[in-house]
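# Fold and geometry: a report
Here is what each chain is made of, one letter per residue.
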Amino acid sequence: MASGSFGIRRVIWSCPCPLVWLLVLGWMGIGGVVVVGGLNLSSSSTSKYSNCEFPAIYNFGDSNSDTGGRSAAFDAVPPPNGETFFGKPSGRFCDGRLIIDFIAEELGLPYLSAYLDSVGTNFRKGANFAVGGASIRQGGYSPFHLDIQISQFQQFKARSLQLLSSDYKNHLPRPEDFSKALYTFDIGQNDLSFGFQHTSEEQVRASVPDILDQFSLAIQRLYDEGARIFWVHNTGPVGCLPYAVIYYPNKDGSHLDQNGCVKTQNEVAQEFNRQLLERISKLRSRFPLAIFTYIDVYSAKYDLISNAVNQGFVDPLKFCCGSYYGYHVDCGKRVVINGTVYGNACGNPSRHVSWDGIHYSQEANRRVAIRILGCSLSHPPIPITQACHPSSPS
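Residues numbered from 1 in each chain as written. Predicted model: local features only at pLDDT ≥ 70, side-chain atom pairs only at ≥ 80, totals over all residues. Heavy atoms only, no water.

## Considerations on the nonpolar core
We apply this condition: To define a nonpolar core, start from buried Ala, Val, Leu, Ile, Met, Phe, Trp, Tyr and Cys residues and group those joined through side-chain atoms within 4.5 Å. Categorising residues by exposure relies on relative accessible area from a 1.4 Å probe, with only protein chains included: less than 20% of the type maximum marks a residue as buried, more than 50% marks it as exposed, and the intermediate range marks it as partly exposed. Where helices and strands are cited, they refer to DSSP runs of H or I of at least four residues and of E of at least two residues respectively, numbered from the N terminus.
One finds Tyr58, Phe60, Tyr183, Phe185, Phe215 and Phe230 to be the most contacted residues of the largest nonpolar core, which totals 85 residues. If you tally residues by element for this core, the top one is helix H7 (residues 201-224), at nine residues.

Set out below in C-alpha cells:
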C-alpha cells in the first residue's frame, strides 16, 4: 500500500540541496517541482551516490510513529482517526499518515505493521515497535519504553530465524535483511513531556544525559544484533503543542514566544537535541561500522508552525479533533453539555497543523516529511534514499 495515487515520486537528490527553495517555489507554483499525492519533490537532480535498496525498516518510537502498537496492546484508536487517508481507524493518532508512512513510501516499502498486532500482519519488509506514550526511560506514560521495544526486536529476530523453514517464512524477513535494513528512531518527546508534568523544567533538563545514556544502550543492543544503518529524529518543539500551551500553569503570557509556544519547554527540547547530536557523534566513533544520520525534525516542525498561516493553515495552536477548552474531551469521544457538542472533528483537517492538540495532522506530517527526507535538515546532509552510504558529517 505504498504506491498508487497517493504514492511519492522517488528521486535522487543532490546534496547539499536547496530544499527550502524547492518548497517556496512549490507553494508559489514555480519551477520544476512535482506535486503528487505524497510529497512535493524535485523532478530532476544528480548525486554521486546511488539509491539504497533497503529491504526493510525497523522503527522504534512513540505515538508520532505508532502504526498500531498501542491500539493492539490496549483500546483501539477510535474514529475519526484515520478518516482522511485510510477511511477508518488505522492505529495511528492522526487523520491519516504519519512521517514513518511517508518514509516507507519514499523507500518503496509497504506501511509498517505494528509488532504487537497479531492479526493480518506481514513483517517481510519490516516491523514497527513504536507504541503511543512510549519514552526512552522507564516510568513514563507507557510500559513499552525503548528498552522493552529493543527486547521485542531481539525476540522478533530470533523467532524469525527459527521459522525460516516454516509456512510463515514469506511473512518474515530473510536473515540477510537485518544488517541491510534501515533502523529509525522517533522517541524522546514523552521523556520531556512526562517530566514537565511531574517535575520542574530544570529537573527535566538535568535528566537529559541519563535519557541519552539509555538511548545509547539501545543502540549498542541493536548494533550487537547486526543493525548498521540508523536514522535518528531529534525531538520536536514540545512547547508548541496546543496541549502544552493550554495546560501550562503560568497564564499571564510571559512564558510564550512570538508564535505562542512555551519558550522554556522548547529550550529544554533544544538542549535535548544538542546533546543528542553530540551523542550521535560519539556513537559514530564507537561503532565505526555503523552509519548514523541525525535529523533535525525540530526545525522542520517549528518552521511549519511559524509560517502556518502563510501556508494556508489556520492558527497552529488550534486543533481539529477533541477539546481541551472548557471540557476535556479526547479525540474520538463526543459529549453534549448544555446543548454544546464537544469532541467532533473539524470539517477540513488539512488546514490544521495539529490534529488533536498533541499529534500532527496528515498534511502537517507530509510537509515535515518533505523537509526531512531530503538533505537540508540531515547531519550529514544526505537524503534518506542514500542513507546507507558512509558520509563525513559536516
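## What to know about the packing of aromatic side chains
The line we're drawing: For Phe, Tyr and Trp, rings pair up if their centres lie within 6.5 Å, where Trp contributes its six-membered ring, and each pair is then called stacked (planes under 30 degrees apart), edge-to-face (over 60) or tilted (otherwise). Charges are assigned to positions over rings by a cutoff of 6 Å between ring centre and Lys NZ or Arg CZ, combined with an angular limit of 35 degrees from the ring normal.
Inspection of the entire model under this criterion finds 30 aromatic pairs. With centroids separated by 4.9 Å and ring planes inclined at 85°, the aromatic side chains of phenylalanine 85 and phenylalanine 86 adopt a geometry described as edge-to-face. In terms of burial, phenylalanine 85 and phenylalanine 86 fall into one category: buried. Of note, arginine 92 hangs over the ring of tyrosine 111, and the distance from its end group to the ring centre comes to 6.0 Å. Here lysine 157 stacks its cationic end above the ring of phenylalanine 178, 5.6 Å away from the centre of that ring.

## So, the pattern of salt bridges
We apply this condition: The salt bridge definition used is simple: a Lys or Arg side-chain nitrogen within 4 Å of an Asp or Glu carboxyl oxygen.
Under the defined criterion, the tally for this structure stands at 14 salt bridges. With a closest N to O distance of 3.9 Å, arginine 205 and glutamate 202 form a salt bridge. In this pair, arginine 205 and glutamate 202 both sit in helix H7, three residues apart, roughly one turn of the helix. In this structure, arginine 274 and glutamate 271 form a salt bridge, with 2.7 Å as the shortest nitrogen-oxygen distance. With arginine 274 and glutamate 271 both in helix H9 (residues 263-286) and three residues apart, the pair spans about one turn of that helix. Relative accessible area serves as the criterion here: at 16%, glutamate 271 is assigned to the buried category. One connected set of salt bridges, linked through shared partners, spans Arg174, Glu176 and Asp177.

## What to know about the state of the cysteines
Filter applied, for reference: Cysteine sulfur atoms are paired as a disulfide whenever they fall within 2.5 Å.
Applying the stated criterion across every chain, the model contains four disulfides. Here cysteine 240 connects covalently by a disulfide to cysteine 261, the sulfurs 2.1 Å from one another. Between cysteine 240 and cysteine 261, the disulfide has an S-S torsion of 105° and is therefore right-handed. Pair noted here: cysteine 240 is in the loop between strand E6 (229-233) and helix H8 (242-247) and cysteine 261 is in the loop between H8 and H9, with a separation of 21 residues, a long-range link. Per residue, the accessibility class of cysteine 240 equals that of cysteine 261, and both read buried. Note on cysteine 94: no disulfide assigned, nearest cysteine sulfur contributed by cysteine 331 at a separation of 9.8 Å.

## Examining unusual backbone geometry
Put simply, proline 79 and proline 80 share a cis peptide bond, and its omega is 10°. With respect to the helices, strands and loops of the structure, proline 80 is situated in the loop between helix H2 (69-73) and helix H3 (99-106). Look at asparagine 338: it is not a glycine, yet its phi comes out positive at around 55°. Along the polypeptide, asparagine 338 turns up in the loop between strand E8 (335-337) and strand E9 (340-342).

## Regarding the side chain of aspartate 101
Inclusion rule: The criterion used for residue contact is that any of the two residues' heavy atoms lie within 4.5 Å.
Take aspartate 101: it is sitting in helix H3. The class of aspartate 101 is buried, set by a relative accessible area of 1%. Non-local contacts of aspartate 101, meaning those with residues more than four positions away in its chain, are made with Thr67, Arg92 and Tyr111.

## Section: the layout of surface pockets
If you roll a probe as big as a water molecule over the atoms, it shows you where there is empty space left. Going by this rule: Grid points spaced at 1 Å over the protein atoms alone were grouped into cavities, where a 1.4 Å probe fits but cannot get out, and pockets, open sets with protein on both sides within 12 Å along at least five of seven lines, with lining residues defined by an atom within 4 Å of a point. Grid points are joined across faces, edges and corners, and a volume is the space filled by probe spheres set on the points. Three residue categories are used. Nonpolar comprises Ala, Val, Leu, Ile, Met, Phe, Trp, Tyr, Cys and Pro, charged comprises Asp, Glu, Lys and Arg, and polar comprises the others, including Gly.
A volume near 1,100 Å³ is recorded for the largest pocket. Along the walls of the largest pocket sit 41 residues, with Tyr243, Tyr324, Asp330, Ile358 and His359 positioned nearest its centre. Those elements that place two or more of their residues in the lining of the largest pocket are helix H6 (189-198) and H8. Ranked by residues supplied to the lining of the largest pocket, first place goes to H6 with five residues. Residues that form the lining of the largest pocket fall into these classes: 18 nonpolar, 16 polar and seven charged. Its volume calculated, the second largest pocket comes out at about 380 Å³. For the second largest pocket, the lining is made up of 18 residues, of which Thr67, Arg92, Tyr111, Leu112 and Ser113 are closest to its centre. A class-by-class count of the residues in the lining of the second largest pocket yields eight nonpolar, seven polar and three charged.

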